[in-house]
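Each chain is listed here by its residues.
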Amino acid sequence: MDKKEEVKEIPFYYEKHEDYLLNLDKTEERDAIGYYTNDHLRIPGGYWCIGALHLLNTTKDLKDKEMITFLKSCSTPSGGFGANLLQDPSMTSTHYVVLLFSLYKVIWNKETSEIEKIAQYVSHLQDKKTGSFKGDDWGEVDLRFMYCAVSSLKLLNQLSCFDVDKACEFILKCCNPDGAFGGVPGAESHAAYTFCAVGALAILNKLHLIDLDKLGQWLVKRQTTEGGFNGRPEKLPDVCYSWWILSALYMIKRDHWCNKDALKEFILKCQDEEGGISDRQGNQVDVFHTFFGIAALSLMGQYSLKLINPLYALPQSLLDELFPHLHQQQSTISIKKKKKKK
Amino acid sequence: YQRRVHGDYQEIMIKEVEGEWAPTERLAQFEPEAPIAPIDYSEKFKTIMDIFRYALKIDEVSLRAYRLTAAVIFLNSGNYTAWYVRRKCLDSLPELKDKVKEEIEYLDIIAHDMAKVYQYWHHRRLIVQKFGSLPPNEYALLEKFHEEDDKNYHMWTYRMWMTEQFHLWDAEYKRVTAKIEENPKNNSAWSYRYFLQFHHTEYIKIGSAEIDFAKSYILKDPNNESAWVYYKGIVYFSPSKCVGDKAANASLAEKFKAEGELFCLKIRSSVTDNRFCRSFLVDIYKEKKETAKSAIDICIELIEVDKIRKNYWLWMKDKILLSFPEKQQYEKSQHQYY
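Note that the structure is predicted; figures quoted are calculated from it, not measured.

A. Broad picture of the overall build of chain B. Scanning chain B from N- to C-terminus turns up 17 helices and zero strands. Out of the 338 residues in chain B, the part that is buried amounts to 53%. When contacts within chain B are restricted to residue pairs at least 6 apart in sequence, those whose partners lie at least 24 apart make up 64%.

B. Region of the structure containing the packing of aromatic side chains. Residue and element names in this part refer to chain A. Across all of its chains, the model carries 46 aromatic pairs over all chains by this definition. For the pair Tyr147 and Phe195, a centre-to-centre distance of 4.9 Å together with 55 degrees between the ring planes defines the contact as tilted. Taken together, the residues Tyr147 in helix H6 (residues 143-155) and Phe195 in helix H8 (residues 191-203) connect sequence positions 48 residues apart. In this structure, Tyr147 and Phe195 share a single accessibility class: buried.

C. View of a negative patch on the surface. Residue and element names in this part refer to chain B. Taken together, the side chains of Glu147, Glu148, Glu181 and Glu182 define an acidic patch exposed on the protein surface. Those elements that place two or more of their residues in the negative patch are helix H7 (138-148) and helix H9 (169-182). Secondary-structure assignment places Glu181 in helix H9.

D. Region of the structure containing the packing of helix H9 (residues 212-220) of chain A against helix H10 (residues 239-251) of chain A. Residues and elements named next belong to chain A. Axis separation between H9 and H10 bottoms out at 10 Å; the angle between their running directions is 150 degrees. In terms of orientation, H9 and H10 fall into the roughly antiparallel class. The handedness of the crossing between H9 and H10 comes out as left-handed. On H10, the residues touching Gly216, Trp218, Leu219 and Val220 of H9 are Ile245, Ala248 and Leu249. Residues belonging to the contact of H9 with H10 are distributed by class as follows: six nonpolar, one polar and no charged.

E. Structural context of the packing of helix H2 (residues 42-55) of chain A against helix H4 (residues 91-103) of chain A. Residue and element names in this part refer to chain A. The N-to-C vectors of H2 and H4 enclose an angle of 30 degrees; their axes lie 9 Å apart at closest approach. In terms of their interaxial angle, H2 and H4 are classed as roughly parallel. Between H2 and H4 lies a crossing of left-handed hand. Touching Ile43, Pro44, Gly46, Tyr47, Trp48, Ile50, Gly51 and His54 of H2 are Ser93, Tyr96, Val97, Leu99, Leu100 and Leu103, all from H4. When its residues are assigned to classes, the contact of H2 with H4 shows ten nonpolar, four polar and no charged.

F. Representation of the environment of Cys74(A) within the structure. Residues and elements named next belong to chain A. Tracing the sequence through the fold places Cys74 in the loop between helix H3 (64-73) and strand E1 (81-82). Spatially, the C-alpha atom of Cys74 lies 35 Å from that of Cys175, the residues being 101 residues apart in sequence. For Cys74, the contacting residues outside a window of four places in its chain are Ile43, Gly80, Phe81, Gly82, Asn84 and Leu85.

G. A look at the interface of chain B and chain A. Across the boundary between the two partners, chain B contributes 56 residues, which contact 67 residues of chain A. Where chain B abuts chain A, roughly 5500 Å² becomes buried across the two surfaces, and 58% of that area is made up of carbon and sulfur atoms. On the surface where chain B and chain A come into contact, there are two salt bridges. Note that Arg222(A) and Glu225(B) form a salt bridge whose closest N and O atoms lie 3.1 Å from each other. The interface formed by chain B and chain A contains 20 residue pairs in polar contact (both at pLDDT 80 or more). Elements with a minimum of two residues in the side of chain B that touches chain A: helix H2 (43-57), helix H4 (80-92), helix H6 (118-131), helix H8 (153-166), helix H10 (187-198), helix H12 (225-236), helix H15 (275-285) and helix H17 (310-323) of chain B.

H. Inspection of the environment of Phe162(A) at higher detail. All names here are of chain A. Position of Phe162 among the secondary structure elements: in the loop between H6 and helix H7 (164-173). Residue classification places Phe162 among the buried residues on the basis of a relative accessible area of 8%. Separated by 42 residues in the primary sequence, Phe162 and Gln120 have C-alpha atoms spaced 9.2 Å apart.

What counts and what doesn't
Residues numbered from 1 in each chain as written. Chains lettered and ligands numbered in written order. Predicted model: local features only at pLDDT ≥ 70, side-chain atom pairs only at ≥ 80, totals over all residues. Heavy atoms only, no water. Helix = DSSP H or I, 4+ residues; strand = E, 2+ residues; numbered from the N terminus. Buried < 20%, exposed > 50% of the residue type's maximum accessible area, 1.4 Å probe, protein only. Contact = heavy atoms within 4.5 Å. Phe/Tyr/Trp six-rings, centres within 6.5 Å; stacked < 30°, edge-to-face > 60°. Patch = residues over 30% accessible without salt bridge, like charges linked within 9 Å, V, L, I, M, F, W, Y side chains within 5 Å. Areas by Shrake-Rupley, 256 points an atom, 1.4 Å probe, with all protein chains shown as cover. Salt bridge = Lys/Arg side-chain N within 4 Å of Asp/Glu carboxyl O. Lys, Arg positive; Asp, Glu negative; His and termini not counted. Charge placed at Lys NZ, Arg CZ, Asp CG, Glu CD. Axes fitted to C-alpha atoms, helices over the stretch in contact; angles between N-to-C directions. Parallel < 35°, antiparallel > 145°, perpendicular 65-115°, else oblique. Left-handed = near helix turned anticlockwise from the far one by under 90°. Nonpolar A, V, L, I, M, F, W, Y, C, P; charged D, E, K, R; others polar. Buried area = accessible area lost by both parts, 1.4 Å probe. Polar contact = N/O pair within 3.5 Å; in protein donor to acceptor, adjacent residues only side chain to side chain.

Listed below in structure tokens is the structure:
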């Protein structure tokens, strides 16, 4: 025992989190985020739950058959997916389904027509004039949908179906004087929308279009003295921003600018000893914050968690296995760089 | 009180809605045997949703379908299909085509639960657009939202839309000034002010006054991050993006930088450990060779004053060193990165 250690190190409650996630249906916390009134959160909830379990390297049964059946039942003739049976399709639900299908390793290359249908649904939601993406046919626009569209289409290897340049034009319009991004042009810079913008640009290999140093400065300025990140100036830190901010920093290769030890401490303090992570120390846990807390720790290479990819929020090993075209593009780029240097 | 009354009203409304549909007009939810992330529905919710699923299946557009959407929205405001069906009814039924004002009143009544519901704000936008002018109750409603959460992102982006739609620039300028006075650390209000001021007004006309505005708040509280961000935005971003001759804007910005330097030095000497004035000084000093040393000195100060961002300031210091290598009399970083 090191006698110099006065402060007790908080453990990471690995098994407790796994239990919490596997038993979501039995916990009482459902009422905390109004589960029964939020059945449109079933698919996102599924992704946060299963995604986190993957990072925890779980060997437990993840009810593949039931989940895949349920997901497929949410498909619509348009190619998009709804949040639940008989619900109209939306961009976000479709994106979550693509992520969940990836986690469950539903094999894509055997069903090309299905892939094309999804791609067609996603790409038809692009506004031809502004380059932005709508959330659904009734027209709500903001950067969330840009990220969902770009990520989905890239994973499905269908980038040619939409206007990439126009999309980037719109993203840039959402960039503010401080170097970060709001949800729509002129809107306040916000961590989650910044993640969406940076993620989309990173996936499209267009990060050179923005001032990365300025962006990096904004991102690290979100770190509070408590170690956690906030989403905008003068707001309280929240565990979910650990992901939005940290992954953006990794994407622009400036993650070493922040204080990772302090961030880690903040996340650990937000754990419940019985399992689960909350937004802030002492608050009620929920699956959303549990996923993002674990994802941030994974990014930092902690606790032998499976490594998550910052652009797609999927395990890196899974991407390597299922989406070889992503890897190819990245290698091509590094080769090009080498040639330039010579 | 209003909430409870509203709750009672909703209870009665749901009973009435249920009564309009025969017991056979239901469609149960498909439920796989052991669902993951399962949801426990209340009976009330189940019945209404079963009716709604049935209505969707037969694609019903009718008065009773319209009333049904209110029940679905009450039980699950995130169900965007319900909002869509509601609009479909409003657009196509002869009895509802002119009921825009009534729809706005409905939206006002249910507002207190809808602060963070994307679908609500989007729907409101479409209905108000249809109405064609600023609804009489709009400001009162926005004030209510503001009281609950003065940084509600949806509310602010809705406000931006409303201002552009109905040309409320001058009135909104007065209002945002009041909002900042109410809560000087409301970053959303500062961001909105920037939107109002710098998207269509000449930089030369307002740059100086707006900087004075920001400075006045910094003097009241030198740790007001929003005021500093606003100030920096005017000096560094606006010149090239704002209305006006770019060269004239740029030269004005240089004048602002010189003034800014004096202002920041004053704060630095009078306020202990203020990271904002130092960060601004680094920006100003690092642009020129003559002041590179000063920039580096302040980075070193910031390593102590802004500890959580030590790694960033170390990087900045090294970057400036690299840009102006003649100044490299400094030893290599003695500090460790985290």
